[in-house]
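# What the coordinates show
Chain by chain, the residues run as shown.
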Amino acid sequence: QRSGGHIMASWDLSVTVEDLGPDAPPVTLSVTSDLHVGGVILKLVEKTQINRDWSDHGLWWDQKQRWLLRTPWSLEKYGIHADARLVFMPQHKALRVGLPSGKTLRLQASFSTPVFQTVMAICRMINIRHPEELSLLRPVEEKKKKKDKDLEEELHDLTGVPLSSGIRFIDTAGVTEHESNQCNLSPPPLQCPGPCPCKSLKSKTWLIASVHRWLDSSRCLLQQGIQENDRLWLRFKYYTLYDIEPKYDVVRLTQLYEQARWAVLLEDIDCTEEEMMLFGALQYHINKAAQSEPQVLSTSTAMDDLESALQSLEVKMEGEGSSASELLVRLSELMYLKAFIHFRPKKLTLKGYKQYWFKFQDTSISYFKSKEESIGEPIQHINLKGCEVAPDVNMAAQKFLIRLLIPAPEGMNELYLRCENEQQYAQWMAGCRLASKGKSLADSSFQSEIQSIRSFLAMQKTNSGSHGNAAAGDESINTHSLVSPRYHKKYKAKQLTPRILDAYQNVAQLSLTDAIMRFLQIWQALPDFGLSYVVVRFKGSRKDEVLGIAPNRLIRIDLGVGDVVKTWRYNNMKQWNVNWDIRQVAIEFEGNVNIAFSCVTADCKIVHEFIGGYIFMSTRSREKSDTLNEELFHKLTGGHEAL
């Protein structure tokens, strides 16, 4: 054969054709280096003489772990020689996907596109919006037990349904309703979704160990050793839960609720005893409501949503004009609230609170010895922008504390505000939360934040004697499925039941959807919400430390005692890069702050993808919400070989 005046030598290329069976010998083709990949496929199809649709098949180069999907490219351009081991196989294969609810779907997934696209296609099939917030991870090693034989009953086989992917777009509108029904809002009884991590209930250790199981979004399933019929978990990875609309997000809300529920029950996230009883009460209510409300989202709910949307629109319109005077009144009321404050390092005991006169203005608080001295210079002026805000509330003891961690050059300064009553606490807590995000008290969300805090406090109030009737009909309430194991060691079931039913009185009037939304809101308000942990070694340090990766910040945590050492926010980040040779992540922040670390428990690509992923999530806006900038995601999260 001639090419450009030169005679091209032909040589033998061995290709394993998967459809011929595992024992069939490779097919040998006589090829030249200038033959394009499409020509190789044509020769293969002719030689196998199997009459079938080959359009989904592609060539996989085993040694280089890559697909040869550019069919016009020649073998020479790909660098393929006679020693290459190629496999001709379908690009879509069966995959078992475990959902947070414990159900497993068996479906056709793309093994040739980046995992990011594969996840988008799976989410499109089961009707989950904003698939960029989810990803796939390897499940925990499961030890087979006799009772595990029942698990297979939860497998839903959808392999007959075409899965739309980056290569072929097929309308799956008929599937979504069917799958939405399968993923109904009735939570299963407490049995772990897949292998139960209960065995290692020291949650942080479990969480640190789990981060490395996330798949790389920029590489395909086959490149990551995933084989046909393997089982993976589909989970929410990025906790920037965007644009949740109960009308459209039935499946999304179900799975999010299940993931949150398991995080609470397995103590992956810390909460107070009162919060745990409330979580238990909400689960109990959701279980009951799911049985009596099979149609989750009725027309009346849609109408309520429409009314609330119109109301919020009216509030925004008023805020631009007539309510300016009300706004000033509201601000002046808040600027002169008294509070108790005490500075202390976390490890030392608290000696007591001293009363000061406080002012809250813009995103800062100032305090004075007395009201009369507030016209002069304050004792201290503290900017709350970028701080950590956590509640420390006990309704029974009337304790209303706000814990603040203020960023400082040498680490984090901790201080507490003790409020006199529920009303003052709701206002100051709302102000602190907004200020930490760089928003002032004049922000339109201030009143709704106060209302949200007050309704949460109302749920924690005890109704002494009011649960008698409820308890009578619910003596056999299964507390094991409602609260974490810690409380079963601390209390007997007969002690837990009245406490859960007591909290239940405060949520019993909620609709199913509202109860799920409330559960998620309280989960999102927990101090450790959205944190993923990885053990790192900071440059210049001799000891391992924990890096907490949150939706809006990075947190340096002392591995020994669990104290927050330092916080860096993404919005102060100027740039970050990865030295792939020494596997080190380097980040530059405003104010000439530079940090660098290597990863101990996970590949630095996972950390790089988390940071880039969260920055990508922050670029989404309602105007552009219909179209996802996939190229930008890969630019921000991909490794040096990703593009």
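Please refer to the structure higher up on the page.
Residues numbered from 1 in each chain as written. Predicted model: local features only at pLDDT ≥ 70, side-chain atom pairs only at ≥ 80, totals over all residues. Heavy atoms only, no water.

Before going further, it helps to examine the sheet that holds strand β12 (residues 231-236). The sheet built from 5 strands is open, its strands ordered β10-β12-β8-β9-β11 with mixed pairing. Looking at which strands have only one partner, the edges of the open sheet turn out to be β10 (134-137) and β11 (155-157). Pairs of neighbouring strands in the sheet enclose a mean axial angle of 40 degrees, with direction left out of account. Here strand β8 (residues 92-98) pairs with β12 via 3 bridges, running parallel. From the neighbouring strand, Arg 96 faces β12, where its bridge partner is Arg 231. Here helix α3 (residues 115-126) sits on the sheet and contacts β8, β9 (104-110), β10 and β12; the angle it forms with β10, its principal contact strand, is near 110 degrees. (Pairing = 2+ DSSP bridges. Helix = DSSP H or I, 4+ residues; strand = E, 2+ residues; numbered from the N terminus. Axes fitted to C-alpha atoms, helices over the stretch in contact; angles between N-to-C directions. Contact = heavy atoms within 4.5 Å.)

Our next topic: helix α16 (residues 604-617). The terminal C-alpha atoms of α16, which comprises 14 residues, lie 20 Å apart, in line with the 20 Å expected from a rise of 1.5 Å per residue. For α16, the tally of buried residues reaches 14 of 14 residues, placing the bulk of the element in the interior. The distance from a side-chain oxygen at the start of α16 to the backbone nitrogen of Lys 605 is 2.8 Å, and the residue carrying that oxygen is Asp 603. (Expected span 1.5 Å × (residues − 1). Buried < 20%, exposed > 50% of the residue type's maximum accessible area, 1.4 Å probe, protein only. Polar contact = N/O pair within 3.5 Å; in protein donor to acceptor, adjacent residues only side chain to side chain.)

Turning our eyes to something else, we now look at the sheet that holds strand β6 (residues 66-68). Pairing within the open sheet is mixed, and its 5 strands lie in the order β4-β3-β7-β5-β6. One side of each edge strand has no neighbouring strand; the edge strands of this open sheet are β4 (27-32) and β6. Strand-to-strand twist of the sheet, defined as the mean angle between neighbouring strand axes without regard to direction, takes the value 40 degrees. Sheet analysis places strand β5 (residues 57-61) next to strand β7 (residues 86-90), joined by 5 bridges and oriented antiparallel. When the sheet's bridge partners are listed, Gly 58 is paired in β7 with Met 89. Contacts from helix α1 (residues 37-48) reach β3 (10-17), β4, β5, β6 and β7 within the one sheet, and its direction differs from that of β4 by about 145 degrees.

Let us look at the packing of aromatic side chains. Within the structure shown, the criterion is met by 23 aromatic pairs. Measuring from centroid to centroid gives 5.8 Å for Tyr 238 and Phe 610, while their planes differ by 70 degrees, and the two rings are edge-to-face. Of this pair, Tyr 238 sits in the loop between β12 and α6 (250-265) while Phe 610 sits in helix α16, and the two are 372 residues apart along the sequence. Given a relative accessible area of 1%, Tyr 238 falls into the buried group. Aromatic pair Tyr 239 and Trp 523: ring centres 5.8 Å apart, planes at 75 degrees, arrangement edge-to-face. Here Tyr 239 is found in the loop between β12 and α6, whereas its partner Trp 523 is found in helix α15 (residues 512-525), with 284 residues between them in sequence. (Phe/Tyr/Trp six-rings, centres within 6.5 Å; stacked < 30°, edge-to-face > 60°.)

A few words now on empty space enclosed by the protein. Within the structure shown, the criterion is met by 4 cavities of 30 Å³ or more. Here the second largest cavity is characterised by a volume of approximately 60 Å³. As for the second largest cavity, its lining consists of Phe 116, Val 119, Met 120, Pro 131, Glu 132, Leu 134, Ser 135, Ser 217, Tyr 238 and Phe 633. Breaking the lining of the second largest cavity down by element, the ones donating at least two residues are α3 and β10. (1 Å grid on protein atoms, 1.4 Å probe; cavity = no way out; pocket = protein on both sides within 12 Å on 5 of 7 lines; lining within 4 Å. Points joined across faces, edges and corners; volume = space filled by probe spheres on them.)

What follows deals with the pairing of strand β17 (residues 388-394). Along any regular strand the residues' side chains alternate between the sheet's two faces. Burial of β17 is extensive: 5 of the 7 residues sit out of reach of the surface. Two strands pair when backbone bridges link them, and β17 and strand β18 (residues 399-408) are joined in this way by 7 bridges, in the antiparallel orientation. What sits directly across from Asn 394, in β18, is Lys 399. In sequence, β17 turns back onto β18 through a hairpin of 4 residues, with Gln 398 there showing a positive phi of about 55 degrees.

Here we take up the nonpolar core. With 110 residues, the main nonpolar core has Leu 136, Leu 221, Trp 523, Ile 587 and Phe 597 as its most contacted residues. In terms of residues, this core owes the most to one element, helix α7 (residues 273-292), which gives 10 residues. Not counting residues within four places of it along the chain, the set of residues in contact with Phe 597 comprises Val 536, Arg 537, Phe 538, Lys 539, Leu 547, Arg 583, Gln 584, Val 585, Ile 587 and Val 607. The next biggest cluster of nonpolar side chains, apart from the first, holds 31 residues, and it includes Tyr 367, Cys 432, Ala 435 and Leu 457. (Core = buried A, V, L, I, M, F, W, Y, C linked by side-chain atoms within 4.5 Å.)

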